[in-house]
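The primary structure of each chain is shown beneath.
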Amino acid sequence: MANSDSLNIYREKRNFNRTVEPIGTFSEGTRENIFVIQKHSASTLHYDFRIEADGVLKSWAVPKGPSLNPKVKRLAVMTEDHPLDYAAFEGIIPEGEYGGGKVIVWDSGTYSNKSIKNGEELDINQALDKGHIIIELQGSKINGKFALIRTSGGSKSQWLLMKMKDTYDSAEDLTIKQPKSVISGLTIEELK
Ligand code: MN
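The rules we used
- Residues numbered from 1 in each chain as written.
- Predicted model: local features only at pLDDT ≥ 70, side-chain atom pairs only at ≥ 80, totals over all residues.
- Heavy atoms only, no water.
- Core = buried A, V, L, I, M, F, W, Y, C linked by side-chain atoms within 4.5 Å.
- Buried < 20%, exposed > 50% of the residue type's maximum accessible area, 1.4 Å probe, protein only.
- Helix = DSSP H or I, 4+ residues; strand = E, 2+ residues; numbered from the N terminus.
- Contact = heavy atoms within 4.5 Å.
- Salt bridge = Lys/Arg side-chain N within 4 Å of Asp/Glu carboxyl O.
- Pairing = 2+ DSSP bridges.
- Donors = N, O, S within 2.8 Å, 3.2 Å for Na, K, Ca; no water.

1. Structural notes on the nonpolar core
Ranked by internal contacts, the top residues of the largest apolar core, which has 26 residues, are Phe49, Trp60 and Ile133. Of the residues forming this core, the biggest block, four residues, is contributed by strand S2 (residues 45–53). The residues contacting isoleucine 133, other than those within four sequence positions of it, are Trp60, Ser115, Ile124, Ala127, Leu128, Phe146, Ala147, Leu148, Ile149 and Trp159.

This is how it looks when you write it as structure tokens:
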């Protein structure tokens, strides 16, 4: 169910007279579901992993970023829904504002929902509710199947992000090998 109220928390946290982030126009969504991974140097450096669902970007903060190694599980803490137009946001959030620091678009693309639990196919909203998401990413850097599994509830619920076995498995750490923005070509340090 599309719900324009789902951006209220996002908007309440921010002063749009000061931040350069988008206020966010509510949208019925795009034809192909998008994902984005933003590298964000806030009080602690992290990666924000976001997938389109229900007209917004469902969002997780992943301190260590994604791994392509199926043996590695990465903590992913759910954060507030972001507007779809946030997927193109790259810039410097002023110090003192919520999330103050630099943001680059580290990767982006589209995803296919492959969620299934106990033999039952789940649409993406059901998968979010059940805390059991399987998606296949088609990005500039990251490709292949990932699972997001909820391990504890609450408003800042904890999940694990992990690569599933497929032909895109790799021991390479792309966050180190390919640190640059897919939009500007800049590293987060170079962003001005
Ligand atoms: Mn963030």
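Now that the structure has been shown, we can carry on.
2. A short note on the pattern of salt bridges
Between side chains of opposite charge, a pair can form as their charged atoms come close. Here the structure, examined in full by the defined rule, presents nine salt bridges. The salt bridge involving lysine 163 is made with aspartate 166; its shortest N-O contact spans 2.8 Å. For lysine 163, a relative accessible area of 2% translates into the label buried. Several salt bridges share partner residues, and in doing so they unite Arg14, Glu21 and Glu80 into one network.

3. Quick word on the pairing of strand S11 (residues 158–163)
Pairing of strand S4 (residues 73–83) with S11 involves five bridges; the strand directions are antiparallel. Within S11, the position partnered with valine 77 by the bridge is glutamine 158. As paired strands, strand S10 (residues 143–152) and S11 are joined by six bridges and run antiparallel to one another. The residue bridging leucine 148 from the neighbouring strand is leucine 161, located in S11. The hairpin turn running from S10 into S11, its antiparallel successor, is five residues long, and glycine 154 in that turn takes a positive phi close to 95°.

4. What about the coordination of the manganese ion?
Protein-derived ligands of the manganese ion are His40 (ND1), His46 (NE2) and Asp48 (OD), with the metal-ligand distances lying across 2.2 to 2.3 Å. Each donor residue of the manganese ion belongs to the same chain, with the gaps between them written as H-x5-H-x1-D. Neither residue differs from the other here; histidine 40 and histidine 46 are each classed as buried.

5. Considerations on the pairing of strand S6 (residues 101–113)
Across eight bridges, the pairing between strand S1 (residues 34–41) and S6 is antiparallel. Pairing of lysine 39 across the sheet is with isoleucine 104, part of S6. Pairing of strand S5 (residues 91–93) with S6 involves three bridges; the strand directions are antiparallel. If you follow isoleucine 93 over to S6, its bridge partner there is glycine 101.

By themselves, these observations are geometric and do not establish any function.
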